[in-house]
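The residues making up each chain are set out below.
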Amino acid sequence: MIQNLTIIGLGLLGGSIGLGTKKNASDCQITGCAHRDKSLIEAKSVGAIDDWTLDVVKAVKNADLVVLCMPVGQIPAWIMRIANHLKPGAIVTDVGSTKATICHAGEVIRPPSHFVGSHPMAGSEKTGVNVARADLFKSATCIVTPESTTDECAVQGVSTFWQTLGCRVVRHTPTIHDQLVATISHLPHAVAAALVGVQSAESLDLRGKGFLDSTRIAAGDPALWRDIFIENRDNLVDSLDNFTRELSDLSALLRDGDAAMIEKWLRDRAKSRVGL
């Protein structure tokens, strides 16, 4: 396990990484870094980091592993800021929900230091280090996204780190990651927001648990999700088109009044959902 961890960006994910590391690898020294001292002071107060600095060069110079925990649109710039200040053997990873652009930016980090993209499928509609949890990553899937030229020892190091926090680790290329995550993560957020968007004040007054469960993620940070949608827009458009076709199929069955086929449509999808 790593001895010196630096977390840049101390919100929900960064704070949870710190708390999870403290719980599962208590000997690791954790340094926090961010643009502003407010979140760093809060991270220190909740026990997510041991020390903090606003000086990014100081933050990364002794790090075995650096984890970038800011919105996807900001990660490439942070990679550029730290690339020339890493010690030999240091590994940089991130938590970004899109990977192609980020991993391309990571190519600036060259041996003897390494970049390995990663994306833990964990989070909340809530934000800030004050809602961070040591168990946020327990049983979550983390997608590690090496390129063909990525150092295998670095990939194993990043994978082991996420496993230590409780994740199930899978590997995909950055391109395949973005295609798959558009459907399983970005599309559901768009659909949840659309479900809210079609309601009236009268219908919302009748809301029940099903509606609240289906739309919980629509309360997420709009600026963060704007960047994700823009970054992965081509894949998200494809996913939205597929989803629209699925709804069109149901609409046609309803227009025909085909009760048997409507039941089959529902049964097939219920069968796929059971056990997930």
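Worth saying up front: this structure is predicted, and the values here are computed from it rather than measured.

Regarding the overall build of the protein chain
The number of helices and strands found in the protein chain is twelve helices and nine strands. In summary, the protein chain has a C-alpha radius of gyration of 21 Å against a globular reference of 19 Å for 276 residues, a match within 12%. Viewed in the frame of its principal axes, the protein chain has a C-alpha envelope of about 65 × 40 × 30 Å. Once local pairs closer than 6 in sequence are excluded, the contacts in the protein chain between residues at least 24 apart make up 68%. Each charge sign in the protein chain was given a centre, from 28 positive and 30 negative side chains, and these centres are 5 Å apart.

Focus on unusual backbone geometry
For the bond running from P111 to P112, omega is 15°, close enough to zero to count as cis. With respect to the secondary-structure elements, P112 resides in the loop between α5 (100-105) and β6 (114-115). At S139, a residue that is not glycine, the phi angle is positive and equals roughly 70°. Looking at where S139 falls in the secondary structure, it is placed in the loop between β7 (117-120) and β8 (141-145).

As for the pairing of β8
Within β8, four of the five residues are buried, which leaves it mostly tucked inside the rest of the structure. Examined bridge by bridge, β8 and strand β9 (residues 168-171) share four bridges and lie parallel to one another. Each residue of the ladder has a partner; that of C142, found in β9, is V169. The handedness of the β8 to β9 crossover, carried by helix α6 (residues 152-164), is right-handed.

Quick look at the side chain of H119
Checked against the element boundaries, H119 lands in strand β7. What makes H119 buried here is its relative accessible area of 4%. When neighbours within four sequence positions are excluded, H119 is seen to be in contact with D94, V95, G96, S97, K99, T141, C142, I143, H177 and V181.

Points about the sheet that holds β7
Spatially, β7-β8-β9 is the arrangement adopted by the three strands of the open sheet, whose pairing is mixed. The sheet is open, and its two borders are formed by β7 and β9, each paired with just one other strand. The average undirected angle you get between the axes of adjacent strands in this sheet is 25°. Of the strands in this sheet, β7, β8 and β9 are in contact with α6, which crosses β9 at around 150°. In this fold helix α7 (residues 174-197) packs onto β7 and β8, with an angle of close to 145° to the strand it touches most, β8.

Considering the state of the cysteines
Enumeration over the complete set of coordinates arrives at zero disulfides. C103 takes part in no disulfide bond, and the closest cysteine sulfur to it belongs to C142, at a distance of 12 Å.

Quick notes on helix α4 (residues 75-82)
Working note: α-helix, 3.6 residues per turn, so residues spaced by three or four point in the same direction. Along α4, the residues that are buried comprise I75, W78, I79 and I82. Looking down the long axis of α4, one finds its buried residues gathered within 105° of arc, a one-sided arrangement. Elements that come into contact with the buried residues of α4 comprise β1 (4-8), α3 (56-60), β4 (65-68), β5 (91-94), α5 and β6.

A closer look at the pattern of salt bridges
Using the criterion set out here, one finds twelve salt bridges in the structure. The salt bridge involving K209 is made with D213; its shortest N-O contact spans 2.9 Å. Separated by four residues within a single helix, K209 and D213 lie in helix α9 (residues 209-215), roughly one turn from each other. R269 is paired through a salt bridge with E246; the nearest N and O atoms lie 2.4 Å apart. Placement of the pair is R269 in helix α12 (residues 259-273) and E246 in helix α11 (residues 233-256), with a sequence separation of 23 residues.

Looking at the packing of aromatic side chains
Per the counting criterion, the structure on display carries three aromatic pairs. An angle of 70° between the planes, with centres 5.3 Å apart, marks the rings of F161 and W162 as edge-to-face. Judged by relative accessible area, which is 1%, F161 ranks as buried. Look at W162 and you get buried, because its relative accessible area is 0%. Between the aromatic rings of W225 and F229, the centroid separation amounts to 5.9 Å while the plane-to-plane angle is 70°, which identifies the pairing as edge-to-face. Remark: F229 and W225 occur in helix α10 (residues 222-231); sequence separation between them is four residues, near one turn of the helix. By relative accessible area, which is 25% here, F229 ends up partly exposed.

What counts and how
- Residues numbered from 1 in each chain as written.
- Predicted model: local features only at pLDDT ≥ 70, side-chain atom pairs only at ≥ 80, totals over all residues.
- Heavy atoms only, no water.
- Helix = DSSP H or I, 4+ residues; strand = E, 2+ residues; numbered from the N terminus.
- Rg over C-alpha atoms; globule rule 2.2 N^0.38 Å.
- Contact = heavy atoms within 4.5 Å.
- Lys, Arg positive; Asp, Glu negative; His and termini not counted.
- Charge placed at Lys NZ, Arg CZ, Asp CG, Glu CD.
- Buried < 20%, exposed > 50% of the residue type's maximum accessible area, 1.4 Å probe, protein only.
- Pairing = 2+ DSSP bridges.
- Right-handed = clockwise from strand over helix to strand, strands pointing away.
- Axes fitted to C-alpha atoms, helices over the stretch in contact; angles between N-to-C directions.
- Disulfide = S-S within 2.5 Å.
- Arc of directions from axis to C-beta.
- Salt bridge = Lys/Arg side-chain N within 4 Å of Asp/Glu carboxyl O.
- Phe/Tyr/Trp six-rings, centres within 6.5 Å; stacked < 30°, edge-to-face > 60°.

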